[in-house]
Amino acid sequence: MADTGVAEALLRQIEKVDGGADSLELANSLGVDHQVVVGAVKSLQALGDVISAELRSSKHWELTEEGTEIAEQGSHEARVFGSIPPEGLPQAELMVESIQDQVRETLLLVQRGRSTQLEEKEKNELKKRKLLSEVTVKSYWITKDSSFSTTVSKQETELTPEMIATGSWKEKKFKPYNFEAMGVAPDCGHLHPLMKVRTQFRQIFLEMGFTEMPTNNFIESSFWNFDSLFQPQQHPARDQHDTFFLSEPELAHQFPWDYLERVKRVHSQGGYGSQGYKYDWKLEEAQKNILRTHTTAVSARMLYKLAQQETFSPVKYFSIDRVFRNETLDATHLAEFHQIEGVVADYGMTLGDLMGVLHQFFTKLGITKLRFKPAYNPYTEPSMEVFSYHEGLKRWVEVGNSGVFRPEMLLPMGLPEDVSVIAWGLSLERPTMIKYGINNIRELVGHKVNLQMVYDSPLCRLDS
Amino acid sequence: MTDCIVSIDVPANRYDLLCLEGLARGLQVFKNKLDAPRYRRVSPVSGDRQRLIITKETAAVRPHAVAAVLRNITFTQERYDSFIELQEKLHQNICRKRSLVAIGTHDLDTISGPFTFTAKRPGDISFRPLNQTKEYTATQLMSLYKTDSHLKHYLPIIEDKPVYPIIYDSNGVVLSMPPIINGDHSKISLQTKNVFIECTATDLTKAKIVLDMMVTMFSEYSDFLSFFSESAESIAQLLTRMCLLSQTTGDELEVEIPPTRPDVIHACDIMEDAAVAYGFNNITRTIPRTYTVANQLPLNKLTELLRQDLAAAGFTEALNFALCSQEDIADKLGKRISETGAVHISNPKTADFQVARTTLLPGLLKTIAANRKMPLPLKLFEISDVVLKDQNKDVGARNSRRFSAVYYNKTPGFEVIHGLLDRTMQLLEVKAVRGGGYHIQAADDSTFFPGRCAEIFVCGKSVGRLGVLHPDVISHFELTMPCSALEMDIEPFL
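What comes next concerns the included structure.

What counts as what
- Residues numbered from 1 in each chain as written.
- Chains lettered and ligands numbered in written order.
- Predicted model: local features only at pLDDT ≥ 70, side-chain atom pairs only at ≥ 80, totals over all residues.
- Heavy atoms only, no water.
- Helix = DSSP H or I, 4+ residues; strand = E, 2+ residues; numbered from the N terminus.
- Rg over C-alpha atoms; globule rule 2.2 N^0.38 Å.
- Buried < 20%, exposed > 50% of the residue type's maximum accessible area, 1.4 Å probe, protein only.
- Contact = heavy atoms within 4.5 Å.
- Areas by Shrake-Rupley, 256 points an atom, 1.4 Å probe, with all protein chains shown as cover.
- Lys, Arg positive; Asp, Glu negative; His and termini not counted.
- Charge placed at Lys NZ, Arg CZ, Asp CG, Glu CD.
- Phe/Tyr/Trp six-rings, centres within 6.5 Å; stacked < 30°, edge-to-face > 60°.
- Lys NZ or Arg CZ within 6 Å of the ring centre and 35° of its normal.
- Buried area = accessible area lost by both parts, 1.4 Å probe.
- Salt bridge = Lys/Arg side-chain N within 4 Å of Asp/Glu carboxyl O.
- Polar contact = N/O pair within 3.5 Å; in protein donor to acceptor, adjacent residues only side chain to side chain.

A short note on the overall build of chain B
Step number 1: When you go through chain B residue by residue, the secondary structure sums to 12 helices and 22 strands.
Step number 2: In summary, chain B has a C-alpha radius of gyration of 34 Å against a globular reference of 23 Å for 494 residues, an excess of more than 25%.
Step number 3: With respect to the three principal axes, the spread of C-alpha positions in chain B is 100 × 65 × 55 Å.
Step number 4: Within chain B, the fraction of its 494 residues that count as buried is 51%.
Step number 5: A fraction of 67% describes how many contacts in chain B between residues 6 or more apart in sequence connect residues 24 or more apart.
Step number 6: Of the roughly 23700 Å² that chain B leaves accessible, carbon and sulfur atoms contribute 51%.
Step number 7: Here chain B carries 55 positive and 58 negative side-chain charges, and the mean point of each set is 3 Å from the other.

Below you can see the structure in the form of structure tokens.
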């Protein structure tokens, strides 16, 4: 710390007076520049409660450079008068015999610090002539504080290796910490909130014994996406305005042909205990490539593969991956989103079993109150919409869709007749937006993401 | 007592619930206030049945037709409105905006059978259409209705055909020119007592379903329908409340499916109705005994592990769209679209949906551009799929899992991106040696600044590139600072 000398001198002065002292006066009496006193005040303040200093500002009048010149040499007018020789000049008749240099006297008064003797009008007049200026001076009114003493002891800020080595820390005083301030933010990377939620859902499925399906194929044929799921070819969902069709590669050419024939038959003629849809099923329609509209297409592929096994074994499958819809976009809908899907295939699965699995699944999300409502999907019968009670909104909100796959879908694959397959699904974005309090989906997914939100988002704990 | 508004969600496969009559009937039967109806076809009291003759000319434009007569009907204004509304709903729904089926309803007492459904050249058709005062030819009607906000949508269904469908009675009176407009002569009024319903179609199955709906829904206003009721036990009772008349015969259940339920095509549809009648929330839930051991997909497992450590390395995860414009993956990166092997979408609504991405880089750069005001440096990464054409796959395309990272700052930071690559290889247990491990060597790539691009080789095979981005690329993505980037395949590391 610079100049403990000044600081201590200051302290001694304060001790002598009752009340307090003005820093400007102190500067005068100590014979130092005011700024030095200000520096001392600041360093004393940093020590704690030694002194308290109240900032004051005062204005006083000062002479400008020109003003100073006039004070010394007289005003311009006087000088002109003074330079007229006794013989006079032609204009001398207009002038008075003698003058009193009012301006110079006023300026001298100010210079001697007696500006208060002057009227405002006079001062403003001279200010206009740029001979005087009003200057704001900041000073401190210094008083004693609770830890006042006339000696200055230096405070340390941090423990150093030398102090540890020598043990000198024992004799030192340390500056108090400000525990109200925040610490330094660590320089780290961050995971995306939607992916954090995905990790949790993945965890839940694995905990329940579900195996992950290979869903790394965004491009799918209409056959697997629609036809194998017993969704008829004229269904509105297969329209241009709901589905993204490809121009390149436009068509798929490889299919399990025997199976395809069975699918064709069940659509157009029926069979397996069904009347079918009774329309002309076209191969060209099934060949059309699309961006998959649901991951249920992958579930279909997996169930077909399962059916090709020598003997049937029960399975539990899940997937969480991207799907594409060519629909109208708004604050909560994008063309791409993530679907969560769970599938259980076993002998004699019932609707009660589906409800049981759903209860177990949603319990892991902290949702225990569920209700079911009949719904319609082309590929499940029965179908149920799943609702949970939202304590905040005080109403039942839809949390998912579920059902039992139709026999027209499973039997052509070659699955045994007494095997039933239950499935359910929900979107990943919706629970994420609820969890992280996001209203506009574009702030969460895509390049317009709010990076600050990504930096600040908390751990994903779905059950609390 | 305040009014209560109930919102009823009619699923897409229940055409019998589209009108008030059907809905009310279903509810009453369910609540045991009405017996489940049995619909019967009844012959006329006097005279022969009506006939609709279909000529071969219709094959070129609208091959199928079915018809029925509702006799002794009494219309009120409400019933009339409901009748018209059901036709409209069916037109929009199962009829696919009249393209598959079109319904025409006529006052039977204003016309006389047998009726002929044929097709003629537009210039040869002339009649007075509904609500008009003079006759028009079909050609004139096409122009007349071009400005009609309701009918103009249906014109394209027959407009360009050489012949238009047309239905006549035995006196040459035009009943209708489906699917556009009926004739004014046979229009139905509140005084109509007998209704002739014709459904012309390109899909016969759907035409029959539609006709069944029209007839069954409004048969209650006819004095000629009788209802039977039967009692049965438990499931049979439940089903019957759902309008699926059932009885037990020994161990089995015999169920009669009415024409109002074309959605019932398999026993599982019947089972669902039983469950609905029972009440889904009354079903006891059980836990299946299925014992399985879970397996993670290796590619996803690897991705999950890597993500964590990349965030630990100081990079932030981004999540970008798989669909983008052609420019994004080609022009803006200094490449030609034909080189990319990209998959193209045929019906994009905007340029943002032209192709599926073949690289993760544009998404990351757009994320930086949208977050320009964030403090520098910006360090982003993404591990996700791109889509590439592939003749070896059944659909002709496959996904490829990529890892990409960018560093955006006042200085390009190649050494930072390079360091990230080294760290990643360390995590993947790939040593920094030629041959058995990985190495990088200089490469030419129009996306990168000349002399500042390297190709990454693992066991002699190229897996990706890294480097300082070319200033043109930086500008194309509306960025202003130097930027270095890395993109590589991670599937080889499985």
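Here we look at the packing of aromatic side chains
Step number 1: Counted by the stated rule, this structure contains 27 aromatic pairs over all chains.
Step number 2: On the numbers, 5.2 Å between centres and 90° between planes, the contact of Phe361(A) with Phe362(A) is edge-to-face.
Step number 3: Here Phe361(A) falls in the buried class, since its relative accessible area comes to 0%.
Step number 4: Consider the rings of Phe83(B) and Phe218(B), whose centres lie 4.7 Å apart with planes at 90°: the pair is edge-to-face. With Phe83(B) in helix H2 (residues 77–92) and Phe218(B) in helix H4 (residues 204–218), this pair connects stretches of sequence that are 135 residues apart.
Step number 5: Aromatic rings pair up to connect Phe201(A), Phe205(A), Phe210(A), Phe318(A), Phe361(A), Phe362(A) and Trp424(A) into one cluster.
Step number 6: The residue whose ring lies beneath Lys134(B) is Tyr136(B), and the NZ or CZ to ring-centre distance is 4.3 Å.
Step number 7: In this structure, Lys332(B) packs its charged tip against the face of Phe477(B), placed 5.1 Å from the ring centre.

Thoughts on the interface of chain A and chain B
Interfaces are often sized by the amount of accessible area the parts lose when they come together.
Step number 1: Taken together, the 102 residues of chain A in the interface contact 83 residues of chain B.
Step number 2: Summing the contributions of chain A and of chain B, the shared interface buries around 7400 Å²; its carbon and sulfur component is 56%.
Step number 3: At the junction of chain A and chain B, the tally comes to 5 salt bridges.
Step number 4: Residue Glu304(B) is joined to Arg198(A) by a salt bridge in which the shortest nitrogen-to-oxygen separation is 3.9 Å.
Step number 5: At the junction of chain A and chain B, the tally comes to 47 residue pairs in polar contact (both at pLDDT 80 or more).
Step number 6: The element contributing the most residues to the side of chain A that touches chain B is helix H14 (residues 351–363) of chain A, with 8 residues.

Some details on the side chain of Thr240(B)
Step number 1: Among the secondary structure elements, Thr240(B) is positioned in helix H5 (residues 235–241).
Step number 2: With residues near it in sequence (within four places) discarded, Thr240(B) still touches Val29(B), Ala36(B), Leu245(B) and Ser246(B).

Geometry only, nothing functional implied.
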